[in-house]
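One-letter residues, chain by chain:
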Amino acid sequence: MEPDAQLIQSCLRGDGPAWEELVRRHTRRVYNLCYRFTGNGTAAEDLTQEVFIRVYRTLGSYQAVYGAFPTWLTSVTRNMLVDHYRRTRRDRLTDSIDDAMPQLEETHSPVRSPDRQLQANELSEKLQQGLAKLSPELREAVILRDLQELEYSEIRAVLQVPEGTVKSRINRGRIELARVLSEMGVRPA
Amino acid sequence: MNWNCAITEERLTDYLDGILAPEETAAFSAHTATCAACATMLAEVNHLMSQMELVEPLDPPAHLTAKILDSTLGPREEAADWRKWFDWVPVIWQPRVGMGLATVAASVAILFHAFAPAGGRVSLADLSPASIVHSANRQVHLTYAHGVKFVNDLRVVYEIESRLGPQPAQMNAPASVPQPPPSQPSNDPHEKSGAVPHSGRRSVTGGLMAFDEPAGWPDGNTTRSLR
């Protein structure tokens, strides 16, 4: 598989198929981050599209010194999520009922047996509801670490905060999320 | 070091990552063994971590990539490969296509039954192309002969009716048709006797016109046939 850096160079020379490959390779990551943060399929879809439009326009400004392309892409996504969070703050305040019980818009269906699928969907939904109750700082830290599986250094680069702060947020985020989920019935047997 | 609940909470992730010094790990374990609240917290976070490992990445909507490419590279042409020749395949799986096919099959069965020889009982020999052509040819000629007979019968009926029956042209004559004035009765017996064939001829034409138009027959043919 061609490395991201080569694809980016091809993109900058106007190679359409290279851009297509780059989009196909990273859409899943960006969409998951957006979906887990917003808890809304339509918003996640729109945000993912916005992220790639921005990346397409600013690809020339990407340099390897910023770190690996996925980290840079995550930074762009995270900035987009911050903007989105600010934009929708008023909606959330006036729509506190929906906020208390976030509804999942669509059911995602990886191929697996119906029983396991049901359990996975239920778990995914509860996790989403729990994440929605965290503050945005803690939520993004947990998502980046535990769902996107980024290293601390990568999260530090994305969030632009010291690594100690990253760890502290992840720590508090996990404890908070575990407590919320425990109240929702997701607790050790 | 005086290990307490606050420190346990603060160092939880380091403990889970396994980066605590051995004496810190021992102190952590000793504390959670005696503190129910911290033990519960540790168990809950451990459970959360194990559950989050089970959560698989979500599949983005299938159209999302195409949407992104359209919004960045611009609308692209449809895939011009062999697959587009099979675009119609999903269409035939629709229920309405099945219903349509069932209707066509029923129609064919009815037609076949109607035109089949021996009152609809079909033998294997009837299915040979020669038999089918023969049967169809026979049916067409029979139908044509019936039609011709029907037309001829109608002609006879109209002719007899127009000569012997009531005079529809006179009965339905509009008020504006000029009638002979009653104040001038004719005493000429020839004129009186000649009135019958004259009025009869008029009534033939009028009667035919009255029947003619709904049947759709051409006027020229009718007139010619009667003359």
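Engineer: Let's hear about the overall build of chain B: which residues, and what values?
Structural biologist: Each helix and strand counted, chain B has 10 helices and zero strands in total. Classification of the 227 residues of chain B by burial places 10% in the buried group. Residue pairs at least 24 apart in sequence account for 52% of intrachain contacts in chain B once pairs closer than 6 positions are excluded.

Engineer: Any details on the overall build of chain A? Residues and values, ideally.
Structural biologist: A count of helices and strands for chain A gives 10 helices and zero strands. When the helices and strands of chain A are placed in sequence order, the string is α-α-α-α-α-α-α-α-α-α. Within chain A, buried positions represent 38% of all 189 residues. Considering only contacts in chain A between residues 6 or more positions apart, those separated by 24 or more positions represent 66%.

Engineer: Break down the interface of chain B and chain A for me, citing the residues and quoting the values.
Structural biologist: Contacts between the two partners involve 28 residues from chain B, matched on the other side by 37 residues from chain A. For the side of chain B that touches chain A, the secondary structure elements donating two or more residues are α1 (5-10), α2 (12-17), α4 (36-54) and α5 (64-73) of chain B. Ranked by residue count, the leading element in the side of chain B that touches chain A is α4 of chain B, at nine residues. Among the residues forming the side of chain B that touches chain A, the class breakdown is 16 nonpolar, six polar and six charged.

Engineer: Tell me about helix α10 (residues 163-183) of chain A, and please be specific about residues and values.
Structural biologist: Taking 1.5 Å of rise per residue, the 21 residues of α10 of chain A would be expected to cover 30 Å, and the 30 Å separating its terminal C-alpha atoms lies within 8% of that figure. Backbone geometry just downstream of α10 of chain A places Gly185 of chain A in the positive-phi region, at approximately 100 degrees.

Engineer: Just give me the short version of the confidence of the model for chain B, but keep the residues and values in it.
Structural biologist: Residue and element names in this part refer to chain B. Looking at chain B, the pLDDT average stands at 74 and 62% of residues meet or exceed 70. Contacts from residues 173-227, a stretch scored under 50 in pLDDT, to residues over four places away or in other chains number 29 contacts. As scored by the predictor, the complex reaches a pTM of 0.58 and an ipTM of 0.80.

Engineer: Tell me about the environment of Thr38 of chain A, residues and numbers included.
Structural biologist: Within the secondary structure, Thr38 of chain A sits in helix α2 (residues 16-38). Taking the C-alpha atoms as reference points, Thr38 of chain A and Leu131 of chain A, separated by 93 residues in sequence, lie 9.1 Å from one another.

Engineer: Before we move on, can you summarise α2 of chain A with the specific residues and values?
Structural biologist: Look at α2 of chain A: 30 Å from first C-alpha to last across 23 residues, which is about the 33 Å you get at 1.5 Å a residue. Helix geometry: α2 of chain A is bent most strongly at His26 of chain A, by close to 45 degrees.

Engineer: Explain the nonpolar core to me, using residue names and the numbers behind them.
Structural biologist: Within the largest apolar cluster, 54 residues are counted, with the highest numbers of intra-cluster contacts made by Tyr31, Cys34, Ala141, Val142, Ile143 and Leu177 of chain A together with Val45 of chain B. Not counting chain neighbours up to four residues away, the residues in contact with Ala141 of chain A comprise Ile155, Val166, Arg169, Ile170 and Gly173 of chain A.

What counts, and where the lines are drawn
Residues numbered from 1 in each chain as written. Chains lettered and ligands numbered in written order. Predicted model: local features only at pLDDT ≥ 70, side-chain atom pairs only at ≥ 80, totals over all residues. Helix = DSSP H or I, 4+ residues; strand = E, 2+ residues; numbered from the N terminus. Buried ≥ 20, exposed ≤ 12 C-beta atoms within 10 Å, placed from the backbone. Contact = placed C-beta atoms within 7 Å. Nonpolar A, V, L, I, M, F, W, Y, C, P; charged D, E, K, R; others polar. Expected span 1.5 Å × (residues − 1). pLDDT = per-residue confidence, 0-100. Bend = angle between axes of the 7 residues up to and from the residue. Core = buried A, V, L, I, M, F, W, Y, C linked by C-beta atoms within 7 Å.

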